[in-house]
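# Remarks on the overall topology
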Amino acid sequence: MLARQRQAAILDRVRATGGVRVSELAVEFGVSDMTIRRDLDVLHEQGVLAKVHGGATVAGPSSTDEPGFHAKSVRQLAEKAAIATRAAELVRPGAAIALSAGTTTAELARRLVDVPGLTVVTNSLPVAEILHSGGRPDQTVVLTGGVRTPSDALVGPLAVDAIRSLHLDLLFLGVHGISERAGFTTPNLMEAETDRALVAAADRLVVLADHTKWETVGISSIVGLDAADVLVTDDRLTPTAHRVLDEHVGELVIVAGTEGAQ
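This text gives an overview of the structure that appears in the document. Bear in mind the structure is a predicted one, so any value in this text is a computation, not a measurement.

Here we take up the sheet that holds strand S4 (residues 96-99). Taken together, the seven strands give an open sheet; going across it, the order is S6-S5-S4-S9-S12-S14-S15, and neighbouring strands pair in parallel fashion. Since the sheet does not close on itself, it has two edges, and those belong to strand S6 (140-143) and strand S15 (252-255), each with one partner. For this sheet, the mean inter-axis angle between neighbouring strands, taken without regard to orientation, is 20°. Here strand S5 (residues 119-122) pairs with S6 via four bridges, running parallel. Bridging from a neighbouring strand, Thr 119 pairs with Thr 140 of S6. Of the strands in this sheet, strand S9 (168-174), strand S12 (202-208), strand S14 (230-234) and S15 touch helix H5 (residues 77-88), which is tilted by about 145° from S14. Most of the contacts of helix H9 (residues 189-201) go to S12, to which it runs at about 130°, and overall it touches S4, S9 and S12.

A few words now on helix H2 (residues 22-29). Burial in H2 covers these residues: Val 22, Leu 25 and Ala 26. Projection of H2 onto a plane perpendicular to its axis shows the buried side chains occupying an angular sector of 105°, all on one side. With respect to the buried face of H2, the exposed residues turned more than 90 degrees away are Glu 24 and Val 27. Where H2 terminates, the next one or two residues include Gly 30, which has phi positive at roughly 65°.

Turning next to the packing of helix H8 (residues 157-164) against H9. Running from amino to carboxyl end, H8 crosses H9 at an angle of 0°, the nearest separation of the two axes being 9 Å. Considered as vectors, H8 and H9 are oriented roughly parallel to each other. Every residue of H9 that contacts H8 at Ala 159, Val 160 and Ile 163 is listed here: Glu 193, Thr 194, Ala 197, Leu 198 and Ala 201. Looking at the contact of H8 with H9, its residues break down into six nonpolar, one polar and one charged.

Time to look at the nonpolar core. Among the nonpolar cores identified, the biggest contains 32 residues, and Leu 171, Val 175, Ile 178, Phe 184, Leu 205, Val 207 and Leu 245 are the most heavily contacted of them. For this core, the element with the highest residue contribution is H9, accounting for five residues. Apart from residues no more than four positions distant in its own chain, Leu 245 is found in contact with Ile 178, Trp 214, Leu 225, Leu 231, Leu 237 and Leu 252. Val 91, Ile 97, Leu 108 and Ile 130 belong to the second-largest nonpolar core, a separate cluster that totals 28 residues.

Moving on: the sheet that holds strand S13 (residues 220-223). Overall, antiparallel pairing links the three strands, which are arranged S10-S11-S13 in an open sheet. This sheet does not close on itself; its edge strands, each paired only once, are strand S10 (177-179) and S13. Here the strands of the sheet are splayed against their neighbours by 40° on average, with no regard to which way each runs. Of the pairings in the sheet, the one linking strand S11 (residues 183-186) to S13 comprises three bridges and is antiparallel in character. Of the residues in S13, the one forming a bridge with Thr 185 is Ser 221. Strand contacts of H9: S11 and S13, with the helix running at about 5° to S13, the strand carrying the most contacts.

Our next topic: the pattern of salt bridges. Tallying each qualifying case throughout the model produces 11 salt bridges. The shortest N-O distance in the salt bridge between Glu 107 and Arg 110 comes to 2.9 Å. Placement of both Glu 107 and Arg 110 in helix H6 (residues 103-110) is noted, with a separation of three residues, approximately one turn of the helix. The class of Glu 107 is partly exposed, set by a relative accessible area of 21%. Relative accessible area serves as the criterion here: at 44%, Arg 110 is assigned to the partly exposed category. Across the pair Glu 247 and Arg 243 runs a salt bridge whose closest N-O atoms are separated by 3.7 Å. Taken as a pair, Glu 247 and Arg 243 lie in helix H10 (residues 239-248) at a separation of four residues, close to a single helical turn. With a relative accessible area of 44%, Arg 243 lands in the partly exposed category. Where salt bridges share partners, they join Glu 107, Arg 110 and Arg 111 into one cluster.

Attention now moves to the packing of H2 against helix H3 (residues 33-45). Packing of H2 against H3 leaves a shortest axis separation of 9 Å and a crossing angle of 110°. Between H2 and H3, the crossing angle belongs to the class labelled roughly perpendicular. Considering the relative orientation of H2 and H3, their crossing is right-handed. Together, Val 22, Ser 23, Leu 25, Ala 26 and Phe 29 of H2 and Asp 33, Ile 36, Arg 37 and Leu 40 of H3 make up the contact between the two elements. Along the lines of polarity and charge, the residues of the contact of H2 with H3 split into six nonpolar, one polar and two charged.

Conventions and cut-offs
Residues numbered from 1 in each chain as written. Predicted model: local features only at pLDDT ≥ 70, side-chain atom pairs only at ≥ 80, totals over all residues. Heavy atoms only, no water. Pairing = 2+ DSSP bridges. Helix = DSSP H or I, 4+ residues; strand = E, 2+ residues; numbered from the N terminus. Axes fitted to C-alpha atoms, helices over the stretch in contact; angles between N-to-C directions. Contact = heavy atoms within 4.5 Å. Buried < 20%, exposed > 50% of the residue type's maximum accessible area, 1.4 Å probe, protein only. Arc of directions from axis to C-beta. Parallel < 35°, antiparallel > 145°, perpendicular 65-115°, else oblique. Nonpolar A, V, L, I, M, F, W, Y, C, P; charged D, E, K, R; others polar. Core = buried A, V, L, I, M, F, W, Y, C linked by side-chain atoms within 4.5 Å. Salt bridge = Lys/Arg side-chain N within 4 Å of Asp/Glu carboxyl O. Left-handed = near helix turned anticlockwise from the far one by under 90°.

Structure follows, in structure tokens:
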């Protein structure tokens, strides 16, 4: 069994049982205690489980925990770059699209600066700055008003009112978490409302999310899994996540080649 496969199996076990012991995993997988500890180190660094003495437990961040944009921007860099590159292939010149707030959508914005004739609606200050700095005169960037969140999103009644009158071809939505029960979630109540307005304004919804978002649950649901026409993610999903998402989203796009990323 490859290390990546073993780590995915360990993560499935942690999520199913709530916790695992190093000694039991070593016997089960026929490897040394040190190998299992290295696996747990990798999964801990990814933020998908919490190491404890002798084993690991489910990672337990608060459902209202909202890291700042800079803190999130240094996580899963390879995955976000690969996801953004694939998502950019869905954008056609002259389209009217929206990019929600998020570090993966910011990566997408960097890949759209040379697409001619775009109209881009966003509630993300970094996304607007990236596109504006591109200086392309045939692009129109519409930045909603609103209250600024820790993740540099503009949210609230002003943002929602600005979005409700719009008709968009595509929405690229970044999310805080994904689960079968809660769908796509965010830790910010006002951001969820603003994101729902963006979803309602777009003909198609494309969700951009790396594998660490699976089974992370924010306090507020944006939409259910079935609402996504496309979900672009990376190839480090657990087998359970792959099965559930494949059943629920319109199209599951797996970006290959990120298994060596940390």
